[in-house]
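Residue-level listing of the chains:
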Amino acid sequence: MSPCVLYREHPDLQKVLPGQNLTKGLCFMGKWLQRIGIVIGFFVLCGTLFQMRPDQDYLRQQQFKALFKEVMPQIQVKYPNRPLRIDTLYWPDNLQSVLTTQLEKWQKEHPEAKPLEDAPLVLSAKWSNTRWNDRLTLKTSQHLFSAERVRVSWVSALPPLLAVTLALLTRRLVLSLFLAIVCGGVLAIPGDPLTGVLNVAKVHGFNAMADFFHIQILLFAGLLLGMVGIMNVSGGTRGVVHALQRFVSTRRSTQGVTWLMGMVVFFDDYANSFVIGTTMRSVTDRLKISREKLAYLVDSTAAPVSGLAIISTWIGYEVGLFQEALSAIDGMQLGGYQAFVQALPYRFYCILTLIMVGLVVLLKRDFGPMYHAEVRALKEGLILREGATPLTSSSFNGLDAKEGIPLRWVNAAVPVFSVIIATLVGLFVSGGGLNYTVSQWFSIQALGTIFSGADSGLVLLYSSISGCIVAAVLVLAQRILSPLELLMAWFRGVSSIGVAAVILVLAWMLNDVSGSLGTASFLIAVIRDMIQPLWLPLFIFLLAGAVAFSTGSSWSTMAILIPVAVPLAHELGGSLLLIIAMGAV
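Being a predicted model, the structure only gives us computed values, none of them experimental. (Residues numbered from 1 in each chain as written. Predicted model: local features only at pLDDT ≥ 70, side-chain atom pairs only at ≥ 80, totals over all residues. Heavy atoms only, no water.)

Here we look at the pattern of salt bridges
Right, on to step 1. Per the stated rule, a full pass over the model turns up 9 salt bridges.
Right, on to step 2. Close ionic contact of Glu374 with Arg251 constitutes a salt bridge, the shortest N to O distance being 2.6 Å. One end of the pair, Glu374, is in helix α17 (residues 368-380); the other, Arg251, is in helix α11 (residues 251-264), with 123 residues separating them in the sequence.
Right, on to step 3. Assessed through its relative accessible area of 4%, Glu374 is described here as buried.
Right, on to step 4. Of the charged contacts, one joins Glu292 and Arg376 as a salt bridge, the two residues approaching to 3.1 Å between their closest N and O atoms. With Glu292 in helix α13 (residues 291-308) and Arg376 in helix α17, this residue pair connects regions lying 84 residues apart in the sequence.
Right, on to step 5. When salt bridges with common partners are traced through the structure, they connect Arg251, Lys293, Asp366 and Glu374 into a single cluster. (Salt bridge = Lys/Arg side-chain N within 4 Å of Asp/Glu carboxyl O. Helix = DSSP H or I, 4+ residues; strand = E, 2+ residues; numbered from the N terminus. Buried < 20%, exposed > 50% of the residue type's maximum accessible area, 1.4 Å probe, protein only.)

Here's the deal with the side chain of Ser300
Right, on to step 1. For Ser300, the location among the structural elements is in helix α13.
Right, on to step 2. When neighbours within four sequence positions are excluded, Ser300 is seen to be in contact with Ala295, Thr353, Leu354 and Val357. (Contact = heavy atoms within 4.5 Å.)

Looking at α13
Right, on to step 1. Taking 1.5 Å per residue, 18 residues should reach 26 Å; α13 reaches 26 Å between its end C-alpha atoms and fits that length.
Right, on to step 2. Where α13 is concerned, the buried positions are Lys293, Leu294, Leu297, Val298, Ser300, Thr301, Ala302, Pro304, Val305, Ser306 and Gly307. (Expected span 1.5 Å × (residues − 1).)

Side note on the nonpolar core
Right, on to step 1. Counting 85 residues, the largest nonpolar core has Leu177, Met227, Leu321, Leu326, Val566, Leu578 and Met582 as its most contacted members.
Right, on to step 2. In this structure, Val152, Leu523, Ala569 and Ala581 belong to the second largest nonpolar core, which totals 27 residues. (Core = buried A, V, L, I, M, F, W, Y, C linked by side-chain atoms within 4.5 Å.)

Quick look at the packing of aromatic side chains
Right, on to step 1. Under the criterion given, the structure shown has 6 aromatic pairs.
Right, on to step 2. Both rings, one in Phe42 and one in Phe43, keep their centres 5.3 Å apart while their planes meet at 75°; by these two values the pair is edge-to-face.
Right, on to step 3. Phe42 sits in the buried class, given a relative accessible area of 13%.
Right, on to step 4. The class of Phe43 is exposed, set by a relative accessible area of 55%.
Right, on to step 5. Between the aromatic rings of Phe50 and Trp154, the centroid separation amounts to 5.8 Å while the plane-to-plane angle is 85°, which identifies the pairing as edge-to-face. Of the two residues, Phe50 sits in helix α3 (residues 20-51) while Trp154 sits in the loop between β4 (144-150) and α6 (158-170), which places them 104 residues apart along the sequence.
Right, on to step 6. For Phe50, a relative accessible area of 46% puts it in the partly exposed group.
Right, on to step 7. Taken together through their ring pairs, the aromatic side chains of Phe64, Phe68 and Trp127 make up a single cluster.
Right, on to step 8. Its guanidinium or amino end placed over the ring of Trp32, Arg35 lies 5.1 Å from that ring's centre, counting from NZ or CZ. (Phe/Tyr/Trp six-rings, centres within 6.5 Å; stacked < 30°, edge-to-face > 60°. Lys NZ or Arg CZ within 6 Å of the ring centre and 35° of its normal.)

Concerning the sheet that holds β4
Right, on to step 1. Strand order in the open sheet formed by 4 strands is β1-β2-β3-β4, and the pairing between neighbours is mixed. Each having just a single partner strand, β1 (84-87) and β4 make up the two edges of the open sheet. Direction aside, neighbouring strands of the sheet carry axes that sit 25° apart on average. (Pairing = 2+ DSSP bridges. Axes fitted to C-alpha atoms, helices over the stretch in contact; angles between N-to-C directions.)

Some words on the packing of helix α8 (residues 193-210) against helix α22 (residues 498-517)
Right, on to step 1. Two numbers describe how α8 lies on α22: the axes approach to 8 Å, and their chain directions differ by 115°. The angle between α8 and α22 falls in the class roughly perpendicular. As for the relative orientation of α8 and α22, their crossing is right-handed in sense. Judged by residue contacts, Val200, Val203, His204, Gly205, Asn207, Ala208 and Met209 of α8 engage Val505, Trp508, Met509, Asp512, Val513 and Ser516 from α22.
Right, on to step 2. In terms of residue class, the contact of α8 with α22 is built from 8 nonpolar, 4 polar and 1 charged. (Parallel < 35°, antiparallel > 145°, perpendicular 65-115°, else oblique. Left-handed = near helix turned anticlockwise from the far one by under 90°. Nonpolar A, V, L, I, M, F, W, Y, C, P; charged D, E, K, R; others polar.)

Given below as structure tokens:
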């Protein structure tokens, strides 16, 4: 045991050890050395990025695509439904093909209403750049249309890099994301930092909240948490756990039931840890199973099973991030929910972690400190290490069943299954499944087409509303809670989304800032020739593990990495590598 841990966990030693000041100094020094190492690493990475020479032709093409998307709506407003022709006589040779491709794509997406009545609108194109900006100008004989963006360079990678560094230093993700967004806003408008700061809310904040899909996802997650709140207070969630306790008799069966219950309560990782941990604690204590082992069984099941469940409080958060990243990729037809489902088989960490827990229970094999904790609990009867202080989560305070409330598993199972059924039916109907024949409903290819064409955001919103209604009707029909108690349980559940909602909105804002700076384009231009696509998922997984271990939050890790990892994987290896990379995060 290190001096820092020994001193912290044994308060009596602080009174009698003559070297306590030295111990305090070592703890203080260790923390600051770690922080200094993080800061040095940040500047080393900045220096490395500065020295790199990205593919300038690729960057110029990506800049043109972004500017073309900005300037064409201006022309559409002034000359609606006119066929277009662009004069490329003085256009750079390396942009000729991309200009033709983008114009054809635009005209395909915006077909002319009267192509035979009006002559094509001839536009002369000009590409110009300064030290800081790139500009695209399209003009007619009477009007001029232009768009300008900051040039892509190594500083484009600063916002996400700064977000990671500050998260590691401060362990405060909200502050880290906000400061990274402000940094990106200033970099997006060189020479005018005040406007850049004001654009954080006026432009990037507005873009994050003006997207109706984003609003749908926030509502879905909040309503689902409201449903979980009703299930918890009505005793439904605890009823599921109690229904499985009848199979408990030995140490192995107790651990096995804990593992199985962790997979049954799949709809929320916090509810999983809170309910199963508190319910099984008395049983595991009686059978001399150490608290360390109980924590391992609960924690190593809660997050992985929530990450694999097609209906959980995680899905709204992840679908929102996936959708935002996918929408920035040209020609991408895959939606956020469909990408989430397709990435499930590649979530090897979640799958293997659940299998590992089962094997530890089945084979009765413990390793390292876990082994010593189990030996201590069996031989000495100490389920807790001497000097240890158990911590309790406040995430669901006030959301547990009161004494005397009947614990009925139906009150949890029925709302969850109603959400699952409503989601599947909604995706089927929204995707046009009723237009197919009955025989086609059993075709994997047809079902894939149906679900990929569904409005997943709207379906998830309606399914969460149906889940809340079902949970409320069940509780009121059995007179378990009064209408006021029901409303308070629902409201407490919804309000628990607060921090997660802020993180999600800030992640969308950071993605918008990074898009304006061309962060993904720069990283792709640098890495595309340095790393084999085969190794990219492993690289992303290791980076995600390091960020998650340092910040202590899976949601923080996804918010930081998904906006960069998704376009990078698509550029290096297409749709398949993109899906695998999503699973790696």
